[in-house]
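# Observations on chain architecture
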Amino acid sequence: MQYTMALDKMKALNLESSVTRSETDEVDGVPLPKKVCDRWDQIWNFRARPDDLLIATYAKAGTTWIQEIVDMIQHDGDTEKCKRATTYLRHPFIEWVLPGPFSSDKNAEVMPSPRTLKTHLPLQLVPPSFWEQKCKIIYVARNAKDNLVSYYHFYRMNKNMSEPGTWEEFLEKFKSGQVLWGSWYDHVKGWWEAKENHRILYLFYEDLKEDPQREIQKVLQFLEKDLEKEVLDKIIHHTSFEIMKDNPMANYTFEPPALMDHSISPFMRKGTVGDWKNHFTVAQNVKFDEDYRKKMAGTSLTFRMEL
Ligand code: PPS
């Protein structure tokens with residue numbers, strides 16, 4: 001079974017104690033892990049199928065959460081089926097075409113349709129076949145401050161990322177778009193504009209947190225699915241932060257500890273809106289807001305920084 005094989009490889013990887021942090025390079029000015037840049041032609045030529053569903057997010061905006069919701073919807077609320085493999089293997093991460101057992105392109109190629117795929121790419125770097133095939137896309141956006149805080153802690157615990165530096169340094173890198181997958185501001189605005197011309201459902205982390213039932217209904221409608229109230233309640237429960245935190249198929253604890261160290265910061269960290277208040281100083285917040293206003297001027301896109 002593919003999943004068991006993957007686990008064996010993961011255990012083997014655990015034996016490698018000295019994993020070093022990934023190098024960064026750029027594609028069209030967007031910082032990406034060097035190993036992704038090195039295989040850019042392959043990613044750009046990804047062959048989407050018309051019935052693919054793409055989940056697109058800026059990193060740490062609620063990707064895993066929407067992945068679990070979508071998987072539960074697609075499996076009519078069958079939790080056992082959703083535990084068939086880790087999030088990572090259930091939904092190939094299209095730009096993660098690294099050699100080895102977790103190579104997303106190999107997983108994607110052999111996966112029967114309809115596939116659900118994941119990306120963090122900004123709009124302009126999405127492989128053209130997704131537009132040619134008119135694939136449905138679900139985009140989730142999260143307010144900049146909480147997104148940044150979550151990203152900072154993720155950088156700390158994940159060797160796939162470069163060194164985050166201090167909180168203050170990371171804050172500045174985030175503002176200038178010098179973090180992996182590039183500028184949060186360009187990402188959320190680019191996808192916001194694209195929804196006018198493509199089949200994109202644009203959701204917000206804060207809305208999901210406020211009223212999961214309402215937001216899951218939007219996903220159901222977008223996917224043209226209808227589920228009994230009982231199943232919907234089951235989905236809400238199974239995809240709550242508390243349950244997902246303890247679900248090894250969703251909480252990334254199956255990743256080799258040499259790559260992701262949950263003792264530094266767990267992948268399922270807090271799952272709240274407004275945690276930024278525990279990180280920003282008053283001065284940092286004033287400067288951030290000033291810069292934010294400039295970068296977000298002229299868009300109709302707005303975010304809630306607290307509920
Ligand atoms: S990744 O690595 O980009 O795929 O990460 P991503 O899944 O986008 O983001 C991780 C953050 O989402 C939080 N999370 C949730 N919040 C609320 N409810 C549920 N069910 C849920 N699942 C994941 C997770 O805790 C990370 O946010 P922080 O703020 O760091 O806790």
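Cut-off values and rules
- Once a new chain begins, its residue numbering starts again from 1 and follows that chain's sequence as written.
- With pLDDT at 70 or above as the cut-off, local features in this predicted model cover only qualifying residues; side-chain atom pairs require 80 or more to be listed or tallied, and sums for whole chains, interfaces and linings still use all residues.
- Side-chain numbers here rest on the full set of heavy atoms in the structure, without hydrogens or water.
- Each salt bridge in this description consists of a side-chain nitrogen of Lys or Arg and a carboxyl oxygen of Asp or Glu lying within 4 Å of one another.
- Numbering of helices and strands runs from the N terminus, with a helix taken as a DSSP run of H or I at least four residues long and a strand as a DSSP run of E at least two residues long.
- Only protein chains enter the calculation, and the probe is 1.4 Å; a residue is then buried if its accessible area is under 20% of its type maximum, exposed if over 50%, and partly exposed in between.
- In plain words, nonpolar cores are sets of buried Ala, Val, Leu, Ile, Met, Phe, Trp, Tyr and Cys residues tied together by side-chain atoms within 4.5 Å.
- Contact criterion: two residues are considered in contact whenever any of their non-hydrogen atoms come within 4.5 Å of each other.
- Here the rule is simple: two strands pair whenever DSSP picks up at least two bridges between them.
- The convention used is that axes are lines fitted to C-alpha atoms, helices contributing only their stretch in contact, and that angles between N-to-C directions extend from 0 to 180 degrees.
- His is not counted, nor are the chain ends; Lys and Arg add positive charge and Asp and Glu add negative charge.
- Angular relationships are summarised with four words: roughly parallel below 35 degrees, roughly antiparallel beyond 145, roughly perpendicular across 65 to 115, and oblique for the angles in between.
- The sense of a crossing depends on the near helix, which, turned anticlockwise from the far helix by less than a right angle, makes the crossing left-handed and, turned clockwise, makes it right-handed.
- In this classification, Asp, Glu, Lys and Arg are treated as charged, Ala, Val, Leu, Ile, Met, Phe, Trp, Tyr, Cys and Pro as nonpolar, and every other residue, Gly included, as polar.

## As for the pattern of salt bridges
The full count for this structure, using the stated rule, is 23 salt bridges. As a salt-bridge pair, Lys-225 and Asp-76 come within 2.8 Å of each other at their nearest N and O atoms. Of this pair, Lys-225 sits in the loop between α13 (212-222) and α14 (229-238) while Asp-76 sits in the loop between α4 (63-74) and α5 (79-82); the two residues are 149 residues apart in sequence, bridging distant segments of the chain. Exposure remark for Asp-76: the relative accessible area of 44% places this residue in the partly exposed category. When the shortest N-O distance is used, the salt bridge between Lys-229 and Asp-233 registers 2.8 Å. With a gap of 4 residues between them, Lys-229 and Asp-233 both fall in helix α14, about one helical turn apart. The exposure class assigned to Lys-229 is partly exposed, which follows from its relative accessible area of 48%. Overall, the relative accessible area of 33% leaves Asp-233 in the partly exposed class.

## What about the nonpolar core?
With 94 residues, the main nonpolar core has Leu-32, Ile-138, Tyr-151 and Trp-184 as its most contacted residues. The biggest single contributor to this core is helix α9 (residues 144-157), with 8 residues. With near-sequence residues (within four places) excluded, Leu-32 lies in contact with Glu-23, Thr-24, Asp-25, Glu-26, Val-27, Cys-37, Trp-40, Leu-121, Leu-125, Leu-180 and Trp-181.

## Examining the sheet that holds strand β5 (residues 136-141)
The strand order across the open sheet built from 4 strands is β4-β3-β5-β6, with neighbouring strands paired in parallel fashion. The outermost strands of the open sheet, each flanked by one partner alone, are β4 (116-119) and β6 (200-204). For this sheet the average axis-to-axis angle between neighbouring strands, irrespective of direction, equals 20 degrees. Bridging between β5 and β6 involves 5 bridges; their strand directions are parallel. Counted as the bridge partner of Val-140 is Leu-203 from β6. Against the sheet, α4 makes contact with β3 (53-57), β4, β5 and β6, and its axis sits at roughly 160 degrees relative to β3, the strand it touches most.

## Examining the side chain of Glu-95
Within the secondary structure, Glu-95 is located in the loop between α6 (87-90) and α7 (104-110). For the buried Glu-95, no salt bridge exists, and the shortest N-O distance to an oppositely charged side chain is 7.6 Å, to Lys-118. Apart from residues no more than four positions distant in its own chain, Glu-95 is found in contact with Val-36, Ile-43, Lys-118, Thr-119, His-120, Leu-121 and Trp-181.

## What about the packing of α4 against α14?
Relative orientation of the contacting elements α4 and α14 amounts to 150 degrees, with a least axis distance of 10 Å. By the criterion of interaxial angle, the relationship of α4 to α14 is roughly antiparallel. Crossing angle aside, the handedness with which α4 passes α14 is right-handed. Two secondary-structure elements touch here, α4 through Glu-68, Ile-69, Met-72 and Ile-73 and α14 through Lys-234, Ile-235 and His-238. When grouped by side-chain class, the residues that make up the contact of α4 with α14 number 4 nonpolar, 1 polar and 2 charged.

## Some words on the packing of helix α10 (residues 167-175) against helix α16 (residues 282-295)
Taken N-terminus to C-terminus, the directions of α10 and α16 make an angle of 10 degrees; their axes are 11 Å apart at the nearest point. Our classification of the angle between α10 and α16 gives roughly parallel. Between α10 and α16, the residues in contact are Trp-167, Glu-168, Leu-171, Glu-172, Phe-174 and Lys-175 and Gln-284, Lys-287, Phe-288, Asp-291 and Lys-295, respectively. The class makeup of the residues in the contact of α10 with α16 is 4 nonpolar, 1 polar and 6 charged.

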